Amino acid sequence: VQLQAYGGGLVQAGGSLRLSCAASGRPFSRYTLGWFRQAPGKEREFVAGVNWNGGSTAYADSVKGRFTISRDNAKNTVYLQMNSLKPEDTAVYYCAASANWGTPVVVYRAQYHYWGQGTLVTVSS
């Protein structure tokens, strides 16, 4: 499956952004989808994930209550709604797909098999 992420940009602290990731190739609904991020000088970290039908989600503690992941299987797209953004959310955000499509939602980078290119999110203070 091929993934294309977009929607990043520059936003002030407290603002919102919505990232999107469009998929093509193999049947979209067979994959768990996730968002990861990588800040300069840091490891790539899990942000959020959603299972094949959207019925189960997982979030990093740092984004719980602020970010929401969702998917539209008819549009082959996964979204990340980011609210109440903080400067520490600044990073390159990557979408990824895992063949482990069930529950619980997988949260480790090694469990994701396909990756899109990143989209940069910059939050100014």
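In what follows, the accompanying structure is described. Computed from a predicted model, the values in this text were never measured in an experiment.

As for the packing of aromatic side chains
- Summed over all chains, the structure comprises 5 aromatic pairs.
- On the basis of an interplanar angle of 80° and a centroid distance of 5.6 Å, the ring pair of Phe-36 and Phe-46 is categorised as edge-to-face. With Phe-36 in strand E4 (residues 32-38) and Phe-46 in strand E5 (residues 45-50), the pair connects residues that are 10 residues apart, well separated along the chain. For the pair Phe-36 and Phe-46, a shared accessibility class is recorded, and that class is buried.
- Feature note: the residues Phe-36, Phe-46, Tyr-112 and Trp-115 constitute an aromatic cluster, connected by ring pairs.
- The aromatic ring of Trp-115 is capped on one face by Arg-44, whose charged end is 5.1 Å from the ring centroid.
- Positioned above the aromatic ring of Trp-115, the side-chain terminus of Arg-109 is 6.0 Å from the ring centre.

A word on the state of the cysteines
- For the structure shown, the criterion picks out 1 disulfide.
- Between the sulfur of Cys-21 and that of Cys-95 lies a disulfide, 2.0 Å long from S to S. Handedness here is read from the sign of the S-S torsion; for Cys-21 and Cys-95, about 55°, the answer is right-handed. Of this pair, Cys-21 sits in strand E3 (residues 17-24) while Cys-95 sits in strand E9 (residues 91-98), and the two are 74 residues apart along the sequence. By the burial criterion, Cys-21 is buried, and Cys-95 matches it.

Parameters and conventions
- Residues numbered from 1 in each chain as written.
- Predicted model: local features only at pLDDT ≥ 70, side-chain atom pairs only at ≥ 80, totals over all residues.
- Heavy atoms only, no water.
- Phe/Tyr/Trp six-rings, centres within 6.5 Å; stacked < 30°, edge-to-face > 60°.
- Helix = DSSP H or I, 4+ residues; strand = E, 2+ residues; numbered from the N terminus.
- Buried < 20%, exposed > 50% of the residue type's maximum accessible area, 1.4 Å probe, protein only.
- Lys NZ or Arg CZ within 6 Å of the ring centre and 35° of its normal.
- Disulfide = S-S within 2.5 Å.

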